[in-house]
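Next come the chains, spelled out residue by residue.
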Amino acid sequence: MDTSPAPLLLLALGFCCPGIYGQKLEMKVRSPKDIGQLQVGQRLELECHTDRSHGASWIRQDSSGTLHFIAFINSMSRLTFEGGQRTSTRFEASKDSTIYRLAVTSFTPRDQGSYFCVMNLNQMLHFSPGQRAFLPATTTVAPSTPAPTTQGSTTEEPNLTTADPEGRMQGDPNFFCHIFIWVPLAGACLLLLLALVITIVLCQQTRRRRCRCKRPANGKPPTKPRTPN
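Everything numeric in this text was worked out from a predicted model, so none of it was measured. (Residues numbered from 1 in each chain as written. Predicted model: local features only at pLDDT ≥ 70, side-chain atom pairs only at ≥ 80, totals over all residues. Heavy atoms only, no water.)

Draft legend 1. Inspection of the side chain of R60 at higher detail. Structurally, the position occupied by R60 is in strand β3 (residues 55–61). Within the buried core, R60 has no salt-bridge partner, and the shortest N-O distance to an opposite charge, that of D62, equals 5.1 Å. Within polar-contact distance, the side chain of R60 engages the backbone oxygen of R110 at 3.2 Å. (Helix = DSSP H or I, 4+ residues; strand = E, 2+ residues; numbered from the N terminus. Buried < 20%, exposed > 50% of the residue type's maximum accessible area, 1.4 Å probe, protein only. Lys, Arg positive; Asp, Glu negative; His and termini not counted. Salt bridge = Lys/Arg side-chain N within 4 Å of Asp/Glu carboxyl O. Polar contact = N/O pair within 3.5 Å; in protein donor to acceptor, adjacent residues only side chain to side chain.)

Right under this line is the structure:
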């Protein structure tokens, strides 16, 4: 539920400063008869009996101490709910002379807390006694466990072995180191082999070209005949 800052500031001052307390207001629960037996979805009605008709506000204090503004009823019975709304889907409020009523249409866990009726008379805040409204505490029964039985036979626990994470972490770096070492070496060997093959092929081609040239039988190049003058 949203809280309205302006009204809650005055209400906080009223809780913190006991000097502004005036005459106490009487508040009683009309239904249910037993406030300790509230149920989810039940209608809760509260009445605030006063001796004035100046208007009153309804507030709720949750279990953490936070104040929540619910509704304000002025002297003309006009309603103002949280957020300045004129109507509410969760609450109903009304005024009958000096009796101010509040109804929680369908009680839910978030409606739990202490409810107060507040009046501002002569610049003094007057608080009614707080009315506690909480759902009954639910208790859970713990499942019963069978009593241990003594038997002569013993059961062996299965031998569950788990992989050593430290050994695995040590093995992984070695594997990556081997990759970084052997891959460049293999590439270098491949390049050397390719260069060797290319060198052999080029040498064979140049050797064949040299063998195609014809040479004389005596091993000397032929001389041109001289012409007589």
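Draft legend 2. Spatial organisation of a nonpolar patch on the surface. On the surface, L190, L193, L196, V197, I200 and V201 cluster together to form a nonpolar patch covering roughly 540 Å² of accessible area. For L193, the location among the structural elements is in helix α2 (residues 165–211). (Patch = residues over 30% accessible without salt bridge, like charges linked within 9 Å, V, L, I, M, F, W, Y side chains within 5 Å. Areas by Shrake-Rupley, 256 points an atom, 1.4 Å probe, with all protein chains shown as cover.)

Draft legend 3. Looking closely at the nonpolar core. Counting 23 residues, the largest nonpolar core has L44, W58, I70, Y100, F107 and Y115 as its most contacted members. By size, the runner-up hydrophobic cluster in this structure holds six residues, among which are I59, V118, L125 and F127. (Core = buried A, V, L, I, M, F, W, Y, C linked by side-chain atoms within 4.5 Å.)

Draft legend 4. Quick look at unusual backbone geometry. Even without glycine at this site, S97 takes up a positive phi of about 60°. Mapped onto the secondary structure, S97 falls in the loop between β6 (91–96) and β7 (99–104).

Draft legend 5. Quick peek at the environment of S57. Tracing the backbone through its elements, the reader meets S57 in strand β3. Judged by relative accessible area, S57 falls into the buried class, the value being 15%. If sequence neighbours within four positions are ignored, S57 has contacts with F69, A71, F72, F116, C117 and V118. (Contact = heavy atoms within 4.5 Å.)

Draft legend 6. Structural detail: the pairing of β7. The buried fraction of β7 is high, at five of six residues. Where strand β2 (residues 44–49) meets β7, six bridges bridge the pair, whose relative direction is antiparallel. Bridging across to β7, L46 finds its partner in L102. Pairing of β6 with β7 involves six bridges; the strand directions are antiparallel. (Pairing = 2+ DSSP bridges.)

Draft legend 7. The arrangement of the confidence of the model for the chain in detail. Scored by pLDDT, the chain has a mean of 75; 58% of the residues are at 70 or more. Here residues 13–22 is modelled with pLDDT under 50, and outside its nearest four sequence neighbours on either side it reaches 19 contacts, counting other chains as well. (pLDDT = per-residue confidence, 0-100.)

Draft legend 8. Looking closely at the pattern of salt bridges. Evaluation of the coordinates by the stated rule reveals five salt bridges. Where R101 meets E47, a salt bridge forms, and the shortest distance between an N and an O atom there is 3.0 Å. A residue pair is termed long-range when its members are at least 10 positions apart, and R101 in strand β7 and E47 in strand β2 qualify at 54 residues. Note on R101: relative accessible area 23%, which makes it partly exposed.

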